[in-house]
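Each chain, letter by letter, is given below.
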Number of protein chains: 2
Amino acid sequence: MYSSNLISVKDALQIIGNVEIILNKEHIPLEEANTRVLAEKIEVLIDVPPFDRSAMDGYAVIADDTSDASPSNPLYLEVIDEIGAGSVSKHALSHGQSIRIATGAPMPAQSNAVVMEEDTEQIDNKIKITKSVAFNRDVALKGEDLKKGEIILKEGQILGPHHLSVIASSGYGKVKVYKKPEIGVIITGNELVEPTTHLKPGKIVNSNKFALKGLVEESFAVSHIKHCGDDFNVMVSELHDYIEKCDVVITTGGTAISKGDVVVNATSELGEVLFHGVAIKPGKPVGFGVIHNKPVFMLSGYPVAAAVQFDIFARNYILKMQNIQKEFDLMKCTAGDDIRSAKGKCNIIRAKLEGNVVYPIKTKAGINKSIIMSNCYIFADEDTGNIKKGENCSVLKYSSLKVCK
Amino acid sequence: MYSSNLISVKDALQIIGNVEIILNKEHIPLEEANTRVLAEKIEVLIDVPPFDRSAMDGYAVIADDTSDASPSNPLYLEVIDEIGAGSVSKHALSHGQSIRIATGAPMPAQSNAVVMEEDTEQIDNKIKITKSVAFNRDVALKGEDLKKGEIILKEGQILGPHHLSVIASSGYGKVKVYKKPEIGVIITGNELVEPTTHLKPGKIVNSNKFALKGLVEESFAVSHIKHCGDDFNVMVSELHDYIEKCDVVITTGGTAISKGDVVVNATSELGEVLFHGVAIKPGKPVGFGVIHNKPVFMLSGYPVAAAVQFDIFARNYILKMQNIQKEFDLMKCTAGDDIRSAKGKCNIIRAKLEGNVVYPIKTKAGINKSIIMSNCYIFADEDTGNIKKGENCSVLKYSSLKVCK
């Protein structure tokens, strides 16, 4: 058994930050790489376009042939072939000749400009041209989009649709990305049951399961969730199982500071509890430990406290495992009402931000719906104390916690 | 065959908007509902908590018993039972008695307050209390979080982790959400092949496939993608197949205005082309039609044009099919350079926004990497014309196009 002392949020984050993060990588088909984080630089493997090609539907010509063309001096060129996109002409142009060409088709040998279809008139097997075209007019040159050898994307890039498109063009069908961390979530509590309208006495719905699954997904990780009763031996066994299978374990419940409680004791049994109890409100009984070099975040059973603890301690760690660096993005706002905040601890107060004015939601710690009624935390640290209406305060918007990929 | 005339972006959006949207709904397990859009209101089915419960680890007492307790006048109460979370005590309290109680456990009959464990001293089968507790102190009252019959969420809510938690607590294991639209994507072009470094002459990589798949996913829809050569009969058959299976069809390529081209002709064959050709740059040959009341967005083969066409014409329609209302969120910015913009058409110029200053990316239409080098469009409508460095202009940030769920 360990003993617990409240430490500061700063110290807690420092301890968590010291647990080495292993960035696992995987090679996946490009089709599946949308929203993933690139784990290699992308060097272009082929010139794009891979050949000089027509940028228009029209006629490939030798530009010099057209230099004197005008309405009063029309030029007539013989049409010797037709090239669709994806095809190649076997013919090379000689002076006085042209080849009908589709957008995207490769320029035939000796041609060096395209006359747009709209600027021509077809007469039998000839076209009539009444204005000159410049060298390379409406020709997309080999390599003008992507040059072989060019570094087009760096490691760490979050991949969106157009990144995938450019990577494909560069010649890659697979891509190396950071692996999604596997998060084992153990929800503890004898009182918890699946959603029902027929609760047995003393039972409540296991709502944390749904919140934690969603929070893990929101962090782009994969969740493995189970429910576990308040039994030390069972907890040790479940924890051992998830530590083997997963990269991180998150628990809820079983962290009461006064008694030690099942989860913290089980972590202590299998590994080391690095802290238990932080000067934060809500969420004081949060614990953190390491088993076989893998982090264990021990959150409260109270949904509101668990949400705060996830946001402050676990979320950015999970993102960092995917090489997504995220810091708290605090804003300065004006208090729309008096805010109670105790000195000596970090007060994370659910609140509603309207414009630049923030209103604390005045409820008890057990009111879970306050999370969905609020859109931010007021972040009042150890030195802040009570805040009066009209004074400045620090705000952390819920939307700022998330990465929008 | 149809004939085509350029219409304005506004008129095109109006025509698209007039195609009735059918909002399909489905009942899904709550576990799978994160980021989905609620298609019903949520009425709370059970009081939460479902019983008066202890908010602390401590002792359930009768508050009146403690009214005179003080350090000089300690009160001793007999401990007659112990209740863990999930359990119920068979005992009712009489004066002079207490029951040890865990956080979350139901208050025993006749008790009406909790003395925190830290404020007690256990001596044999009694506890010593040296201060009074008020009525309902550290008791979470039945229904104080959620009241049976209360409407806690409205239709249209995008569900996040904490919404799921509250819905679960309200008694629901399944939830009705808007169905993800099924989008059939047909990428046309004989020249297109899968990513490779060994391209045959005239061939290029099918990069649109990856972009469109990602764009559809980014719109929370499901993509079904196939490649189709430039053949009218094959196109008719593929289009017919996807119109049967999917809610919307998006095509790329085969929309050349000068010739009609395969895709537009095939749509015309099976249904009706409502427009073909819009006064927009890039993206002029965009088409839109309806087959069996289902919309067909016909985008260009050029990736940059297809991206612009998707963003301007298709994206918000797909979101609306899920009851997500999204409008273009134009910002007023300062031009960091001269911007060429032709009057009489809507110019959508890839650009880089730095602070409030926007720099156009000066490249040809075929430079696909310009999309990933830019972070916004400069939106210069029909009346704008050229913009001088230092003048105001309208900007549409790429990030503003997306919904962050």
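Our subject is the structure that appears above.
This structure is a prediction, so every number in the text was calculated from the model and none was measured. (Residues numbered from 1 in each chain as written. Chains lettered and ligands numbered in written order. Predicted model: local features only at pLDDT ≥ 70, side-chain atom pairs only at ≥ 80, totals over all residues. Heavy atoms only, no water.)

Caption draft 1: Spatial organisation of the relation of the copies chain B and chain A. Expressed as a screw transformation, the operator carrying chain B onto chain A has a rotation angle of 180 degrees and an axial translation of 0.0 Å, and the superposed copies differ by an RMSD of 0.0 Å. The transformation just described matches what one would write down for a two-fold rotation axis. Among all C-alpha atoms of chain B, that of C404(B) lies closest to the rotation axis, at 2.7 Å. A high fraction, 100%, of the interface residues of chain B reappear at the interface in chain A, so the copies pair face to face through one surface. (Least-squares fit on C-alpha atoms with pLDDT ≥ 70 in both. Contact = heavy atoms within 4.5 Å.)

Caption draft 2: Representation of the pattern of salt bridges in the model. Here the structure, examined in full by the defined rule, presents 36 salt bridges over all chains. For E194(B), the salt bridge is made with K209(B), and the minimal N-O distance between the two is 2.7 Å. Pair noted here: E194(B) is in the loop between β14 (192–193) and β15 (204–205) and K209(B) is in helix α3 (residues 208–218), with a separation of 15 residues, a long-range link. In this structure E194(B) comes out as partly exposed when scored by relative accessible area, which is 41%. A cluster of three or more residues bridged by salt bridges with shared partners is formed by K226(A), E238(A), D241(A) and K245(A). (Salt bridge = Lys/Arg side-chain N within 4 Å of Asp/Glu carboxyl O. Helix = DSSP H or I, 4+ residues; strand = E, 2+ residues; numbered from the N terminus. Buried < 20%, exposed > 50% of the residue type's maximum accessible area, 1.4 Å probe, protein only.)

Caption draft 3: Highlighting the interface of chain B and chain A. Each side of the interface is counted separately: chain B has 74 residues, and chain A has 74 residues. Interface area, chain B with chain A, both sides summed: about 6200 Å², of which 61% is carbon and sulfur. Our count for the contact surface shared by chain B and chain A stands at six salt bridges. One salt bridge in this structure joins E150(B) and K369(A), with 2.9 Å as the shortest N-O distance. At the junction of chain B with chain A, the criterion picks out 22 residue pairs in polar contact (both at pLDDT 80 or more). Of all the secondary structure elements, the ones that give two or more residues to the side of chain B that touches chain A are β3 (53–54), β10 (139–140), β11 (151–153), α2 (161–169), β15, α3 and α7 (369–373) of chain B. Residue composition of the side of chain B that touches chain A, grouped by class: 34 nonpolar, 20 polar and 20 charged. (Buried area = accessible area lost by both parts, 1.4 Å probe. Polar contact = N/O pair within 3.5 Å; in protein donor to acceptor, adjacent residues only side chain to side chain. Nonpolar A, V, L, I, M, F, W, Y, C, P; charged D, E, K, R; others polar.)

Caption draft 4: Just the packing of helix α2 (residues 161–169) of chain A against α3(B), in detail. Here α2(A) crosses α3(B) at 165 degrees, and the two axes come no closer than 7 Å. Put simply, α2(A) runs roughly antiparallel to α3(B). In the crossing of α2(A) with α3(B), the sense of the turn from one axis to the other is right-handed. Contacts from P161(A), H162(A), L164(A), S165(A) and A168(A) in α2(A) reach F210(B), A211(B), G214(B), L215(B) and E218(B) in α3(B). (Axes fitted to C-alpha atoms, helices over the stretch in contact; angles between N-to-C directions. Parallel < 35°, antiparallel > 145°, perpendicular 65-115°, else oblique. Left-handed = near helix turned anticlockwise from the far one by under 90°.)

Caption draft 5: Spatial organisation of the sheet that holds strand β4 (residues 58–61) of chain B. Residue and element names in this part refer to chain B. Spatial ordering of the open sheet is given by β7-β4-β6-β5-β9-β8, a layout of six strands whose pairing is mixed. The sheet terminates laterally at β7 (113–116) and β8 (120–123), the two strands that pair on one side only. Shown here is a sheet whose adjacent strand axes are inclined to one another by a mean of 40 degrees, direction ignored. Where strand β5 (residues 75–83) lies against strand β9 (residues 126–129), four bridges are found, and the strand directions are antiparallel. In the sheet register, L77 faces β9, and the bridge partner there is I127. (Pairing = 2+ DSSP bridges.)

Caption draft 6: How the structure looks around the packing of helix α1 (residues 9–17) of chain A against helix α6 (residues 303–320) of chain A. All names here are of chain A. Remark: α1 packs on α6, axes separated minimally by 10 Å, with the N-to-C direction vectors making an angle of 25 degrees. Taken together, the axes of α1 and α6 are roughly parallel relative to one another. The two elements α1 and α6 cross, and the hand of that crossing is right-handed. Listed contacts from α6 to V9, A12, L13 and I16 of α1 are I312, F313 and Y317. Split into classes, the residues belonging to the contact of α1 with α6 amount to seven nonpolar, no polar and no charged.

Caption draft 7: Local environment of helix α5 (residues 262–270) of chain B. Three or more residues of α5(B) are buried, namely V262(B), V263(B), V264(B), N265(B), A266(B) and T267(B). As for α5(B), its buried residues are in contact with β13 (182–188), α4 (232–245), β17 (248–252), β18 (272–276), β20 (287–291) and β21 (294–299) of chain B.

Caption draft 8: Region of interest: the pairing of strand β8 (residues 120–123) of chain A. Residue and element names in this part refer to chain A. The pairing of β8 with strand β9 (residues 126–129) spans four bridges and is classified as antiparallel. Directly across from T120, in β9, lies its bridge partner I129. Connecting the antiparallel pair β8 and β9 is a turn made up of two residues, with D124 showing a positive phi of about 55 degrees.

Caption draft 9: Here's a closer look at the pairing of strand β23 (residues 346–354) of chain B. All names here are of chain B. Among the nine residues of β23, seven are classified as buried, and the element is accordingly described as predominantly covered. Both strand β19 (residues 280–281) and β23 contribute to a ladder of two bridges, which runs parallel. Residue pairing in the sheet places K281 in a bridge with N347 of β23. Bridge analysis of β23 against strand β25 (residues 376–380) gives five bridges, and the strand direction is antiparallel. Note on β25: the bridge partner recorded for I349 is I378. Bridge count between β23 and strand β24 (residues 357–360): four bridges; the pairing is antiparallel. Note that in β24 the partner of L353 across the bridge is V358. Here β23 folds back onto β24 in antiparallel fashion, the turn holding two residues, of which G355 has a positive phi close to 65 degrees.

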